[in-house]
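Read off the chains here:
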Amino acid sequence: MAAAAAATFLPHTPTPRRRLAVAVHSPTRRRLSLVFSGPPDGALSVAAAEEKADAGEEAAAAVSAPRGGGGGGGKERRRVVRKAWEKLVRWSRSWRRRNRSDVVETTRKVVVLGGGSFGTAMAVQVAAKKADLEVSMLLRDDLVCRSINHSHINCKYLRDHRLPENITATTSASDALAGADFCFHAVPVQFSSSFLEGISTHVDPKLPFISLSKGLELNTLRTMSQIIPQALGNPRQPFIVLSGPSFAIELMNKLPTGRNLIVIKLYMAAMVVASKDKKLAAAVQQLLASPNLRISTSNDVTGVEIAGALKNVLAIAAGIVEGMHLGNNCMAALVAQGCSEIRWLATKMGAKPTTLSGLSGSGDIMLTCFVNLSRNRNVGLRLGSGEKLDEIMNSMNQVAEGVSTAGAVIALAQKYHVKMPVLTAVARIIDNELTPKKAVMELMNLPQVEEV
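Residues numbered from 1 in each chain as written. Predicted model: local features only at pLDDT ≥ 70, side-chain atom pairs only at ≥ 80, totals over all residues. Heavy atoms only, no water.

(A) Layout of the overall build of the protein. When helices and strands are tallied, the protein shows 20 helices and eight strands. The buried share among the 452 residues of the protein stands at 49%. Across the protein, every contact between residues at least 6 apart in sequence was considered, and the portion connecting residues at least 24 apart equals 74%. Summed over all atoms, the accessible surface of the protein reaches about 23,000 Å², with 54% contributed by carbon and sulfur. (Helix = DSSP H or I, 4+ residues; strand = E, 2+ residues; numbered from the N terminus. Buried < 20%, exposed > 50% of the residue type's maximum accessible area, 1.4 Å probe, protein only. Contact = heavy atoms within 4.5 Å. Areas by Shrake-Rupley, 256 points an atom, 1.4 Å probe, with all protein chains shown as cover.)

(B) Representation of the nonpolar core. One finds Leu 310, Leu 314, Val 335 and Leu 423 to be the most contacted residues of the largest nonpolar core, which totals 48 residues. For this core, the secondary-structure elements that each account for two or more residues are α12 (301-323), α13 (328-348), α15 (359-370), α16 (375-384), α17 (389-394), α18 (401-415) and α19 (421-430). Ranked by size, the runner-up nonpolar core spans 43 residues in total, among them Met 122, Tyr 157, Leu 158 and Leu 280. (Core = buried A, V, L, I, M, F, W, Y, C linked by side-chain atoms within 4.5 Å.)

(C) Here's a closer look at the pattern of salt bridges. By the definition in use, this model includes 10 salt bridges. Asp 364 is paired through a salt bridge with Lys 311; the nearest N and O atoms lie 3.8 Å apart. In this pair, Asp 364 sits in helix α15 while Lys 311 sits in helix α12, placing the two residues 53 residues apart along the sequence. In the salt-bridge network here, residues are joined through shared partners; they are Lys 214, Lys 311 and Asp 364. (Salt bridge = Lys/Arg side-chain N within 4 Å of Asp/Glu carboxyl O.)

(D) Inspection of a positive patch on the surface at higher detail. A surface patch of positive charge is lined by Arg 93, Arg 96, Arg 97 and Arg 98. Relative to the helices and strands, Arg 97 resides in helix α3 (residues 71-98). The exposure class assigned to Arg 97 is exposed, which follows from its relative accessible area of 53%. (Patch = residues over 30% accessible without salt bridge, like charges linked within 9 Å, V, L, I, M, F, W, Y side chains within 5 Å. Lys, Arg positive; Asp, Glu negative; His and termini not counted. Charge placed at Lys NZ, Arg CZ, Asp CG, Glu CD.)

(E) Molecular detail of the side chain of Ser 211. Mapped onto the elements, Ser 211 comes out in strand β5 (residues 209-211). On the accessibility criterion, Ser 211 (0% relative accessible area) is buried. Sequence-distant contacts of Ser 211, defined by excluding residues within four places in its chain, comprise His 185, Met 224, Ile 228, Phe 239, Ile 240, Val 241 and Leu 242.

(F) The arrangement of unusual backbone geometry in detail. The residue His 417 is not glycine, and still its phi comes out positive at about 60°. You can see His 417 is positioned in the loop between α18 and α19. Residue classification places His 417 among the exposed positions, given a relative accessible area of 70%. Residues other than glycine seldom take positive phi values, yet Asn 432 does so here, at roughly 65°. As for its placement among the helices and strands, Asn 432 is situated in the loop between α19 and α20 (436-444).

(G) Region of the structure containing the confidence of the model for the protein. Averaged over all residues, the pLDDT of the protein is 83; the fraction at 70 or higher stands at 81%. Note that pLDDT drops below 50 for residues 1-47; the model gives that stretch 72 contacts with residues more than four away or on any other chain. Considering only residues more than four positions removed or in separate chains, one finds that residues 255-265, a stretch of pLDDT under 50, has seven contacts. (pLDDT = per-residue confidence, 0-100.)

(H) Representation of the packing of α19 against α20. Where α19 contacts α20, the two axes come as close as 10 Å, and the packing angle between them is 160°. Relative to α20, the element α19 lies roughly antiparallel. As for the relative orientation of α19 and α20, their crossing is right-handed in sense. Each of Pro 421, Val 422, Ala 425 and Ile 429 in α19 lies in contact with α20, whose residues at this interface are Pro 436, Ala 439 and Leu 443. Grouping the amino acids of the contact of α19 with α20 by side-chain chemistry returns seven nonpolar, no polar and no charged. (Axes fitted to C-alpha atoms, helices over the stretch in contact; angles between N-to-C directions. Parallel < 35°, antiparallel > 145°, perpendicular 65-115°, else oblique. Left-handed = near helix turned anticlockwise from the far one by under 90°. Nonpolar A, V, L, I, M, F, W, Y, C, P; charged D, E, K, R; others polar.)

(I) Spatial organisation of the pairing of strand β7 (residues 269-274). For β7, the buried fraction is high: six of the six residues fall into the buried class. Side chains of β7 alternate between two faces, with Ala 269, Met 271 and Val 273 and Ala 270, Val 272 and Ala 274 buried alike. Sheet topology places strand β6 (residues 239-243) next to β7; three bridges connect them, and they run antiparallel. Residue pairing across strands places Leu 242 opposite Val 273, the latter belonging to β7. What joins β7 to strand β8 (residues 293-298) is helix α11 (residues 278-288), and the crossover it makes is right-handed. (Pairing = 2+ DSSP bridges. Right-handed = clockwise from strand over helix to strand, strands pointing away.)

What follows is the structure, given as structure tokens:
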């Protein structure tokens, strides 16, 4: 899985080719066909093919060079690596020049629905794009509104971070949504339908909705791509889902821009936006991308949503293993099994396998299952340590979506005839029908079968 996640950042290694594969060689080559997630349309030109051929020759030279700790072979390999990196940098600059967008320049206002930690972090991310961009947060809590407007601090979440002055907050849906170019939906899944129905009369039917919420509606098994248009009464409401490995606190601690290069901590992240509308996905990509945040695009809305929902349930299972001190071997086995279960269900629902090995799948799973900042993992850790679920939930000031999603996941599994032993065990523990210890013993006693 780590290799699959790394593929998002690293270019594919070109296949070695002989020089005869390219008929014409130009001394003024400017293009390089190395890409992060597939070549852009029209990128494989003659010049790009020449670059690939050269890269293949260099790779062959590196392989044929003498091995050992020193000598000419080592210098040759270093030269090949250096040249490959320089070409990658040139390609990157050329690609940015060719794909400049005016999305940021033409965007005047963005609205964020919800004032939780992730909604606040995305408001800051967008507000930093330009000083005259208006970012309006629609909240229910008047105290938080006053704190943001007067002190530029969300006093409930991320209170140690000062917000940009172009972020304002309001409790009025009409004021927040008026003239908005994009809308970020950051309301928890279980409350989204009723919330959206209440503001639907103020929503422009062409306003793009970018969903930040991960999970499934418990009673209906709906995803956000179904909830948003149905609640707004507009089946054609433009929809995008944003997902991937990202904690709000780390998005807030981003690299300073300009000439200030003195940094205590450098946090970077990568996420994916998915939409059936390719142009809309590209527009949101440009709106969000920054030096500290990479954004990839996808058209696999189902895969991105299902992976984002199910990984929260798996994170609870990972936390239970940690809380019970079952060891690293058990943790690795359980997460691997959970990944398989997510793949079985998601592909049955129409998801692409490549999505599940990407940022919104393996990437988000690794972050949520193995890092202490994960709310869902911490719920599992406390369950594994012997605490009761009611006590855990009452002590939290943020929503752990995996708790409410677990039951919905099992209902989906039954609908699509998929066996999901690990995620089913989590649902039974949450329903207080099984203790963590008993669940582990039952899972270990399952039949020894062929790995699939």
